[in-house]
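Geometric and topological summary
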Amino acid sequence: MSRDIFEKTMSSPQTTSDQVPKHRAIVAGHGEFAAGLVSAVQQITGRGDQLIPVAVHTLGVADIEALLRQQMIDADVRVIFTDLQAGSCTMASRRILRGMEDAVLIAGANLPTLLDFVFAEGVSAPQAARHAAERGRAAIAVHGAGA
Amino acid sequence: MTLVLYRIDDRLIHGQVVVGWGQPLDIEFIVLVDDTVAAEEWEQELYRMGVPPEMDVYFHSTNDAIKALAKYRSDSRAGILLTGDIATMRRLVDGNGITAVNVGGLHSRAGRVQRLRYVFLTPEEERELRALSARGVAVTAQDVPGARPVSLEDLLAGNEL
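Basis of the calculations
Residues numbered from 1 in each chain as written. Chains lettered and ligands numbered in written order. Predicted model: local features only at pLDDT ≥ 70, side-chain atom pairs only at ≥ 80, totals over all residues. Contact = placed C-beta atoms within 7 Å. Helix = DSSP H or I, 4+ residues; strand = E, 2+ residues; numbered from the N terminus. Nonpolar A, V, L, I, M, F, W, Y, C, P; charged D, E, K, R; others polar. Axes fitted to C-alpha atoms, helices over the stretch in contact; angles between N-to-C directions. Parallel < 35°, antiparallel > 145°, perpendicular 65-115°, else oblique. Left-handed = near helix turned anticlockwise from the far one by under 90°. Buried ≥ 20, exposed ≤ 12 C-beta atoms within 10 Å, placed from the backbone. Expected span 1.5 Å × (residues − 1).

Details of the interface of chain B and chain A
If you look at the interface, chain B gives 14 residues, while chain A gives 13 residues. Broken down by element, the side of chain B that touches chain A gets its largest block of residues, three residues, from helix H1 (residues 15-21) of chain B. Each residue belonging to the side of chain B that touches chain A can be placed in one class, and the counts come to six nonpolar, five polar and three charged.

A few points about the packing of helix H2 (residues 61-75) of chain A against helix H3 (residues 88-98) of chain A
All names here are of chain A. At a minimum axis distance of 9 Å, the contact between H2 and H3 shows a crossing angle of 60°. Considering their axes alone, H2 and H3 lie oblique with respect to each other. Considering only the axes of H2 and H3, their crossing is right-handed. Facing Val-61, Ile-64, Glu-65, Leu-68, Arg-69 and Met-72 of H2, the residues of H3 in contact are Ser-88, Cys-89, Met-91, Ala-92, Ser-93, Arg-95 and Ile-96.

A word on the environment of Gly-108 of chain A
Residues and elements named next belong to chain A. With respect to the helices, strands and loops of the structure, Gly-108 is situated in the loop between strand S4 (104-107) and helix H4 (111-119). Here Gly-108 falls in the partly exposed class, since 16 other C-beta atoms lie within 10 Å of it. C-alpha separation for the pair Gly-108 and Ala-133, spaced 25 residues apart in sequence, amounts to 8.6 Å. Setting aside residues no more than four positions away along its own chain, Gly-108 makes contact with Leu-84 and Gln-85.

Side note on helix H6 (residues 123-134) of chain B
Compared with an ideal rise of 1.5 Å per residue, which puts 12 residues at 16 Å, H6 of chain B spans 16 Å between its outermost C-alpha atoms and is within 8% of the ideal. Against the buried residues of H6 of chain B lie helix H5 (86-93), strand S5 (100-105), strand S7 (119-121), strand S8 (138-141) and helix H7 (152-157) of chain B.

Given below as structure tokens:
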């Protein structure tokens, strides 16, 4: 890990009203997946500003990779959440990770994944992302007579 | 079964192919024809990880794919053949009895003009599509099975934008 962008702890709020929010991860996927999930995180926790939603509607693979890479550099983040293992954002992110060894990609992210991530402030973002992935996986439940 | 879809898509293997087409058509294999991917094991592994374990992926250069086409067309399973550009599909079509080609996604980049929500074309690419059509190949644009196929005429006229 070349840097740790998470010096804050659970007892110290991430931002105050006069601070620019510090981004911790990119969320990317099909359609409005990213904007929808980030909106939901914001509504539930008020911490949606940790996440940068990225949509890639009209872009080819090379441009998706360039966009995500630039977003990571500009925002100084090393975590990407995507929606689908087979998705173009996942493919592009895996190419980015080849040259960015301190970064982590979580493919198949869901809302419980992101909720866990935005509250895990006492650890590095990649560590938080790995923990969040497990929480997201475990959060899927089946209810009803057909279960 | 056989190859049930010949698709031009510059994202190659991605969600629309694996899930959008793959599930309703019961696709069991994908033939990915791309000279760059065929030459790089890492790229192949990247695409392999994007498909479910029960789906096979075969990688070929264009020249190898032309030789292997008959084998895939006589396969008992349903498959999709993918190319990332029109020129590669044109080479496969020549003399191989392909009667229909799906334009699934050619995305924005310098020199291309938008013709459909998911199709951007250079003038040369437009000529290539017209040439395919002139050879008797049915060329339509359709990103997912539930969408209405767009004729080549409507595609090139930008009527569906």
